[in-house]
Each structure stands twice: as structure tokens, then as C-alpha cells.
Amino acid sequence: MEVTSLYVEPAVADDAADPPALEALDVFKIYRSGPVETVALRGLDLVIERGEIVALLGPSGCGKSTFLALAAGLDEPSAGEVRAFGRPLTRLDGQELARYRARDLAIVFQQDNLWPDLTAEQNVRLSLRLAGRRASPLDARAALAEFDLADRASTKAGNLSGGEQQRVAIAAAAAREAALVLCDEPTGELDLANEERVTGALRRLRDDYGATVVVVTHSPHLAGVCDRSIMLRDGRLA
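Quick look at the structure, then.

The rules behind the values
- Residues numbered from 1 in each chain as written.
- Predicted model: local features only at pLDDT ≥ 70, side-chain atom pairs only at ≥ 80, totals over all residues.
- Heavy atoms only, no water.
- Salt bridge = Lys/Arg side-chain N within 4 Å of Asp/Glu carboxyl O.
- Helix = DSSP H or I, 4+ residues; strand = E, 2+ residues; numbered from the N terminus.
- Buried < 20%, exposed > 50% of the residue type's maximum accessible area, 1.4 Å probe, protein only.
- Expected span 1.5 Å × (residues − 1).
- Contact = heavy atoms within 4.5 Å.
- Core = buried A, V, L, I, M, F, W, Y, C linked by side-chain atoms within 4.5 Å.

Here we take up the pattern of salt bridges. A full pass over the atoms with the stated rule returns 14 salt bridges. Residues arginine 125 and glutamate 121 are paired through a salt bridge, measuring 3.7 Å at the closest nitrogen-oxygen approach. Within this pair, arginine 125 and its partner glutamate 121 are both found in helix 3 (residues 120-130), separated by four residues, close to a single helical turn. Owing to a relative accessible area of 24%, arginine 125 belongs among the partly exposed residues under this scheme.

This is the structure in C-alpha cells:
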């Protein structure tokens, strides 16, 4: 299934037709609390191409989650620019940014990705509706079946295992045809067997659905199956 972004600039030349999924251009992020300043990113430069699955590695506090927040348009850099599919996120107006988050983007956190009182199928259908896509029960069930969750469709999310909940969130991203999937420690609380299932599901997002996947992780196993790893230290490339 080919996934295209809503936020690609019109091509003016062949080499401009396919901008990267994500770019950070000399990005700084400074948090201020009274007189105290904390520099989370220090002139970060990186490029993530479309169709890659990339691990972001580094010690706690090195800026990995900060970069994900900027890439999701949930925060703005203090200086520099973050681009998604060629568009600087800080130049999108409120409506454009909302469309980017709803249609192009999916986020998979370490936990709490689902509504616990809704079934797995209802969670996928809700994700489709929020993205402005047709929320057909058949589409939701098909997405769950693709990730070996057909027998869990009617189970409330709160009764699913941690690994199953993560795979439901990934199935929802696939159903929405999200072009960019940002994951923050998606296997951090899972045993090895469930980590392998979730890792396989993330690779399927790339291989079968054409998504670009960026994963913040401390897991050597998860990083090892990514196309490449990017190491951050003190807010910049190590």
C-alpha cells in the first residue's frame, strides 16, 4: 500500500519531488524555569528518509523525546527548524498542523495508547474517525487481523496484555495509513517474546504500509532490527 503525505511541496524539479520524512536543521530546544535554563537540544542536524525505520539512542536526558515532541508538532524549537515531508512545522497554521497530526502522523507511547474501556476494534475505529477516514468495522477488523489480533477485536483494551495493546496501537496506525510513526520506548515494559512481536509489527508498518518509523529506545534488540541507529548525546549527534 503506497502512503503519501498531505504535506509534500509541489515538485519543481526531479530532485525536489521527494523530500525526506523528517529533517532537523540546527535545532535548539531550551526549557526555562525561572532563572534556570536547560538545553535539551544543541544544534541538532539529522535527516530521516522516507521508508526508513530508525532507532534514536542515547542516555536519558540526551534529547530523544524532545526531538519526538518537535517532530510531532507538539512543541516548537527555540531555534532552528524541523521539517516533516518538506514542510517546516512552525510555518503550518493551526488547521494545517491539526491535519498533519491527524492524517500523516501516529504516535505510539510506552503505555496508555488506547482507551481502556473501548474494545480493540473500537479503538481502531476511533483512530480512523479522528483522522477523518471512514471508520468501517470491516477496516478495523482487517487491520487487527493483519497484526494477529483478530481474536482480540472484541476485548476491552484494558484487558489486553501490554504487547497486545502496543500492537493494537500499531494496527490503528496502519489502518489510518499514517506516513510517519513516532514511537517512544514502545517495548520498554515488555518481556522478550512480546518485544519481538511488537518489533515485527513495527517492521511491517515499514515493509507493508510504506510508513517511516522513528523509535526512541534503550533496547539493543529493537535497535538491531532497525535500518540504522542515530546516537544522541547532550542534545546533539554523538
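Looking now at helix 5 (residues 162-175). The terminal C-alpha atoms of helix 5, which comprises 14 residues, lie 20 Å apart, in line with the 20 Å expected from a rise of 1.5 Å per residue. Summarising burial for helix 5: 11 of the 14 residues are buried, a large majority. Buried within helix 5 are the following residues: Gly163, Glu164, Gln166, Arg167, Val168, Ala169, Ile170, Ala171, Ala172, Ala173 and Ala174. For helix 5, the elements touching its buried residues are strand 6 (105-108), helix 3, helix 4 (137-146), strand 7 (180-184) and helix 6 (192-209). One or two steps after helix 5, the chain reaches glutamate 177, where phi turns positive at roughly 60°.

Moving on to the nonpolar core. By size, the foremost hydrophobic cluster in this structure holds 39 residues, and its most contacted members are Phe147, Val181, Leu202, Leu205 and Val213. If you tally residues by element for this core, the top one is helix 5, at seven residues. When near neighbours in sequence (up to four residues on either side) are disregarded, leucine 202 contacts Ile53, Ile170, Cys183, Pro186, Val213, Val215 and Leu222.

Its identity is not glycine, yet phenylalanine 85 carries a phi of approximately 55°, on the positive side. Phenylalanine 85 gets classed as buried once you look at its relative accessible area, which sits at 2%. A positive phi is found at aspartate 148, a non-glycine position, where the angle reads about 60°. Turning to its location among the elements, aspartate 148 is positioned in the loop between helix 4 and helix 5. For aspartate 148, a relative accessible area of 63% puts it in the exposed group.

By themselves, these observations are geometric and do not establish any function.
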